[in-house]
Amino acid sequence: MLLNLGPQHPATHGVLRLVLELDGETVVRCIPHVGYLHCGFEKIGEYRQYNQIIPWTDREDYLNSPGNNVAFALGAERLFGIEITPRCTVLRVIAMELSRIISHLVWLGTTCIDIGAFTPFLWAFQERERVYNLLEGWIGARLTTSLTRVGGMAADIPDGWMDGLRDFIKTFPRTIAEVDKMVTRNGIWVGRTIGIGALSATEAVNYGLSGPMVRAAGVAWDIRRDFPYLDYETYDFEVPVGSAGDVYDRFLVRMEELRQSVRILEQAASRLPDGPVNVDDARVILPPKSKATSEMESMIHHFKQVMEGPRPPIGETYVAVESPKGEKGYYMVSDGTSKPVRWRIRPPSYVNLSAIPKMVEGHLLSDVIAINASIDIVMGEIDR
């Protein structure tokens, strides 16, 4: 028989439709259908100035808004030929690792619900709320942060903000330990995840998978370490890998990545330097508001920056970062105007989802839920 799973089923985590051909309860064939979101981010970006695109990056993967903001800003700055300040570099590392923790916590909580464990969902979302409180104190927004600007940040952290971060760094590992104690050796969890949806290292590479998906298959590929940006090469952290490449290994890899993100945050908090967060470059940075309201030249500069936008030189660039879901890349082409003539996204969710037919065939229908959850998709990244 043919069974439609989605596009509004809670376990498909968005508008994903899976057409399943079944023999009894065994999946014989799976065809994923995407495109129900109709977002069109890339085309919209061709009609926006570079700073105006940043709010759209919030919505591609709303669980990784700060990370997307940073990734796009890095690409635009390479196009402009700008080098950001040391304080901005460390703040962006903090933003990206907090973003990874948010994303992994939502994955952890929802995956536990999909497989039948409710309590870890409450613990995960409680910790996620603490991170959102930190982001709200920093930027004033929680889900859609629009945290960066070309050449810097939308705002510096307020006084006392680092105390909240240090408290989170100190207490968050206890929650990870509690989830680990409750779930990792639980008989139901082990039975539902070990040997389910396994991919070999060769298969994972051939599908172009990245992030925890490829690392769970035994491939130690992490862009933070292999193609460093934001001085990641100076941080001490480990890249966890699995061996079986199944749902259980993907769980173990993401749990360890939560611990490693805490290590990176601890180092970033101890090295945050003083100084400006924005570059001293009038081509891209707005003048201080006090000057814009009191000096004619600054007011004209402010007006032209807002109305016309900064103009990079003619060229093209591709920048990739290690997002919570894998390689997140932005390709942009400048024709010398204030808007990119082309903007394309390399979304890890879209590429990782391509392997689902291979992973579910031969398994039971109930396993499809666990396998789909283990990919950790957000449909904003998948819509084509």
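Residues numbered from 1 in each chain as written. Predicted model: local features only at pLDDT ≥ 70, side-chain atom pairs only at ≥ 80, totals over all residues. Heavy atoms only, no water.

A word on the overall build of the protein chain. Along its length, the protein chain carries 17 helices and eight strands. Whereas a compact globule of 384 residues would reach a radius of gyration of roughly 21 Å, the protein chain reaches 22 Å, a difference of no more than 12%. Over its C-alpha atoms, taken along the principal directions, the protein chain stretches across nearly 75 × 45 × 35 Å. Residues classed as buried in the protein chain amount to 56% of the 384 residues present. (Helix = DSSP H or I, 4+ residues; strand = E, 2+ residues; numbered from the N terminus. Rg over C-alpha atoms; globule rule 2.2 N^0.38 Å. Buried < 20%, exposed > 50% of the residue type's maximum accessible area, 1.4 Å probe, protein only.)

Applying the stated rule across the entire model yields one cavity of 30 Å³ or more. Taken as a whole, the largest cavity encloses approximately 40 Å³ of empty space. Looking at the largest cavity, the residues that line it are Leu105, Leu108, Ala124, Phe172, Thr175, Ile176, Val179, Met255 and Leu258. Those elements giving two or more residues to the lining of the largest cavity turn out to be helix 4 (86-115), helix 6 (161-183) and helix 11 (247-271). Take the lining of the largest cavity: its biggest share by element is four residues, from helix 6. Of the residues assigned to the lining of the largest cavity, the class counts are eight nonpolar, one polar and no charged. (1 Å grid on protein atoms, 1.4 Å probe; cavity = no way out; pocket = protein on both sides within 12 Å on 5 of 7 lines; lining within 4 Å. Points joined across faces, edges and corners; volume = space filled by probe spheres on them. Nonpolar A, V, L, I, M, F, W, Y, C, P; charged D, E, K, R; others polar.)

This part is about the pattern of salt bridges. A full pass over the atoms with the stated rule returns 29 salt bridges. For Glu129, the salt bridge identified is with Arg142, shortest N-O distance 2.3 Å. Pair noted here: Glu129 is in helix 5 (residues 119-139) and Arg142 is in the loop between helix 5 and strand 4 (148-149), with a separation of 13 residues, a long-range link. Given the relative accessible area of 25%, Arg142 is considered partly exposed. Connected through shared salt-bridge partners, Glu97, Arg100, Arg215, Asp222, Arg224, Glu257 and Glu322 make up one network. (Salt bridge = Lys/Arg side-chain N within 4 Å of Asp/Glu carboxyl O.)

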